[in-house]
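Reading the structure
The primary structure of each chain is shown beneath.
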Protein chains: 2
Amino acid sequence: MQQKKEIINKLRSSNLRPTKQRILIAKKLFDRKETFHFTAESLNKTVNKKMQKRISLATIYNTVEAFKKAGHIREILTNTSKSYYDTNIKSHHHFYDPDKKKLTDIDYQEVVLKKIPNPPKGKKIKDLEVVISLQKK
Amino acid sequence: MQQKKEIINKLRSSNLRPTKQRILIAKKLFDRKETFHFTAESLNKTVNKKMQKRISLATIYNTVEAFKKAGHIREILTNTSKSYYDTNIKSHHHFYDPDKKKLTDIDYQEVVLKKIPNPPKGKKIKDLEVVISLQKK
DNA sequence: ATTCTAGTTTATAATTATTCTAAACTAGTA
DNA sequence: TACTAGTTTAGAATAATTATAAACTAGAAT
């Protein structure tokens, strides 16, 4: 449970002016027990559901991009046409169900790697993600 | 090195009528020593470079989709706007360099997993892919 | 408080990647 | 040689995202 002040600090700490729109979006994203996945479209719906004053779709896109750059959310790897985001920024993995186009989190400790390759020269590993694609049994 | 006959058989075996266009595209994709990554756009360029008779972009898309369904190519997980495909259909993994938006293959045996989670009920694992995102050192 | 300004939001247009449409074409069979 | 179902094609349509530029606002300066 994040208070408004915390949210404002979070925004300020990443050089994002705490506007009404950003605060509202941040609340929807971060003021929750559980992390979740979303797209620009789904976030737009959530944010604007029965709201007197709407936030424009352009702002949704701008804010998602800004939050992503600031590291408050992360983009998920998929092979779908839309961009998926995750409010869980801790390293973790995913099940992907191509039938339902649904991603589910896999807890970090559920996957253990024994061996990984060395990164190419001049590069280091930023992140490692395992995606397990599913199909009907 | 795949002969025209082999390519025609490959097409027939997956119920794809071996048309001029499909044969030409299949040659560009499969008649190579090394597997590689491509997009619809890049394939379109490759296929139509200094060609007297062009293959339409719609056919490129149709053929890529058909080859994917037939399992001759696979789609790669990314968080870019375009769809990336891989002519390497053996299980393997990827480095992803977000700066250059470049994917590189990691050989299957370079990654060893010690523990993976059980799939949800009614589902089995179709594929497991590890994506290692890179950044500058 | 009032003014100012850079940063932000907004509606809308533009762009990009992809899919759809339906007419023309063709591989393979009759 | 004719037929037909499958395929290709140009172009239109759609979907997701990004760009534009005018209006607005948070926060600093006065």
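None of the values given here were measured: they were computed from a predicted structure.

Looking now at the overall build of chain A. Secondary structure assignment for chain A yields four helices and seven strands. Principal-axis analysis of the C-alpha atoms gives chain A an extent of 50 × 40 × 25 Å. The buried share among the 137 residues of chain A stands at 23%. Of the contacts formed within chain A by residues at least 6 apart in sequence, a portion of 39% connects residues at least 24 apart.

Ranked by internal contacts, the top residues of the largest apolar core, which has 43 residues, are Tyr85(A), Val131(A) and Val131(B). Setting aside residues up to four positions removed in sequence, Val131(B) forms contacts with Leu77(A), Glu129(A), Val131(A), Leu77(B), His93(B), His94(B) and Tyr96(B).

With that settled, the discussion passes to the sheet that holds strand 2 (residues 74-76) of chain A. All names here are of chain A. Pairing within the open sheet is antiparallel, and its three strands lie in the order 1-3-2. Looking at strand neighbours, the two that pair on one side only are strand 1 (37-38) and strand 2, the edges of this open sheet. In this structure, strand 2 lies alongside strand 3 (residues 84-86), joined through three bridges in antiparallel fashion. Residue pairing in the sheet places arginine 74 in a bridge with aspartate 86 of strand 3.

Moving on to the domain arrangement of chain A. Here chain A is partitioned into domain 1 (4-76) and domain 2 (90-133). Summarising the inter-unit geometry, the C-alpha centres of domain 1 of chain A and domain 2 of chain A are found 25 Å apart.

The pairing of strands in a sheet happens through backbone hydrogen bonds and is either parallel or antiparallel. In spatial order, the strands read 5(A)-4(A)-7(A)-7(B)-4(B)-5(B); together these six strands make up an open sheet with mixed pairing. Strand pairing shows two members of the sheet lacking a second neighbour, strand 5 (102-106) of chain A together with strand 5 (102-106) of chain B, which therefore form its edges. With direction set aside, neighbouring strand axes in the sheet form an average angle of 25 degrees. Of the strand pairs in this sheet, strand 4 (residues 93-97) of chain A and strand 5 of chain A are connected by five bridges, and their pairing is antiparallel. Within strand 5 of chain A, the position partnered with Tyr96(A) by the bridge is Leu103(A).

Another point: the protein's contact with DNA strand C. Inspection of the region around DNA strand C gives 25 residues, with Thr19(A), Ser56(A), Ala58(A), Thr59(A) and Ser83(B) positioned closest. Of all the secondary-structure elements, those providing two or more residues to the surface near DNA strand C are helix 2 (20-30) and helix 4 (57-70) of chain A together with helix 3 (40-48) and helix 4 (57-70) of chain B. Ranked by residues supplied to the surface near DNA strand C, first place goes to helix 4 of chain A with four residues. Of the residues that constitute the surface near DNA strand C, the class distribution is seven nonpolar, eleven polar and seven charged.

Attention shifts here to unusual backbone geometry. Phi at Asn15(A) takes a positive value of approximately 60 degrees, unusual for a residue other than glycine. Topologically, Asn15(A) is positioned in the loop between helix 1 (4-13) and helix 2.

Here the focus is the protein's contact with DNA strand D. Around DNA strand D, a shell composed of 24 residues is seen, among which Ser83(A), Thr19(B), Ser56(B), Ala58(B) and Thr59(B) lie nearest. Broken down by secondary-structure element, the contributors of at least two residues to the surface near DNA strand D are helix 3 (40-48) and helix 4 of chain A together with helix 2 (20-30) and helix 4 of chain B. The residue makeup of the surface near DNA strand D, split by class, is seven nonpolar, eleven polar and six charged.

Turning our attention to the packing of helix 3 of chain B against helix 4 of chain B. All names here are of chain B. As a packed pair, helix 3 and helix 4 sit with axes 10 Å apart at the nearest point and diverge in direction by 120 degrees. In terms of orientation, helix 3 lies oblique with respect to helix 4. The crossing of helix 3 and helix 4 is right-handed. Taking contact as the criterion, the partners of Ala40, Leu43, Asn44 and Val47 in helix 3 are, on helix 4, Leu57, Ile60, Tyr61 and Val64. In terms of residue class, the contact of helix 3 with helix 4 is built from seven nonpolar, one polar and no charged.

In many analyses, interface size is given as the accessible surface area lost on bringing the parts together. Opposite the 35 residues of chain A that make contact, chain B presents 35 residues. Listing elements by their share of the side of chain A that touches chain B, those giving two or more residues are strand 2, strand 4, strand 6 (112-115) and strand 7 (123-136) of chain A. Here the element with the most residues in the side of chain A that touches chain B is strand 7 of chain A; it accounts for 14 residues. Grouping the constituent residues of the side of chain A that touches chain B by class yields 17 nonpolar, six polar and twelve charged. As paired elements, strand 6 of chain A and strand 6 (residues 112-115) of chain B share three bridges and run antiparallel to each other. Residue pairing across strands places Lys115(A) opposite Val112(B), the latter belonging to strand 6 of chain B.

Here we come to the relation of the copies chain A and chain B. Laying chain A over chain B is done by rotating through 179 degrees and shifting 0.0 Å along the axis; what remains is an RMSD of 0.1 Å. Taken together, these values place the two copies in the relation of a two-fold axis. Interface overlap between copies: 100% of the residues of chain A at the interface are likewise at the interface in chain B, consistent with a symmetric, same-surface contact.

Cut-off values and rules
- Residues numbered from 1 in each chain as written.
- Chains lettered and ligands numbered in written order.
- Predicted model: local features only at pLDDT ≥ 70, side-chain atom pairs only at ≥ 80, totals over all residues.
- Helix = DSSP H or I, 4+ residues; strand = E, 2+ residues; numbered from the N terminus.
- Buried ≥ 20, exposed ≤ 12 C-beta atoms within 10 Å, placed from the backbone.
- Contact = placed C-beta atoms within 7 Å.
- Core = buried A, V, L, I, M, F, W, Y, C linked by C-beta atoms within 7 Å.
- Pairing = 2+ DSSP bridges.
- Domains from an automatic or database assignment.
- Axes fitted to C-alpha atoms, helices over the stretch in contact; angles between N-to-C directions.
- Near = placed C-beta within 6 Å.
- Nonpolar A, V, L, I, M, F, W, Y, C, P; charged D, E, K, R; others polar.
- Parallel < 35°, antiparallel > 145°, perpendicular 65-115°, else oblique.
- Left-handed = near helix turned anticlockwise from the far one by under 90°.
- Least-squares fit on C-alpha atoms with pLDDT ≥ 70 in both.

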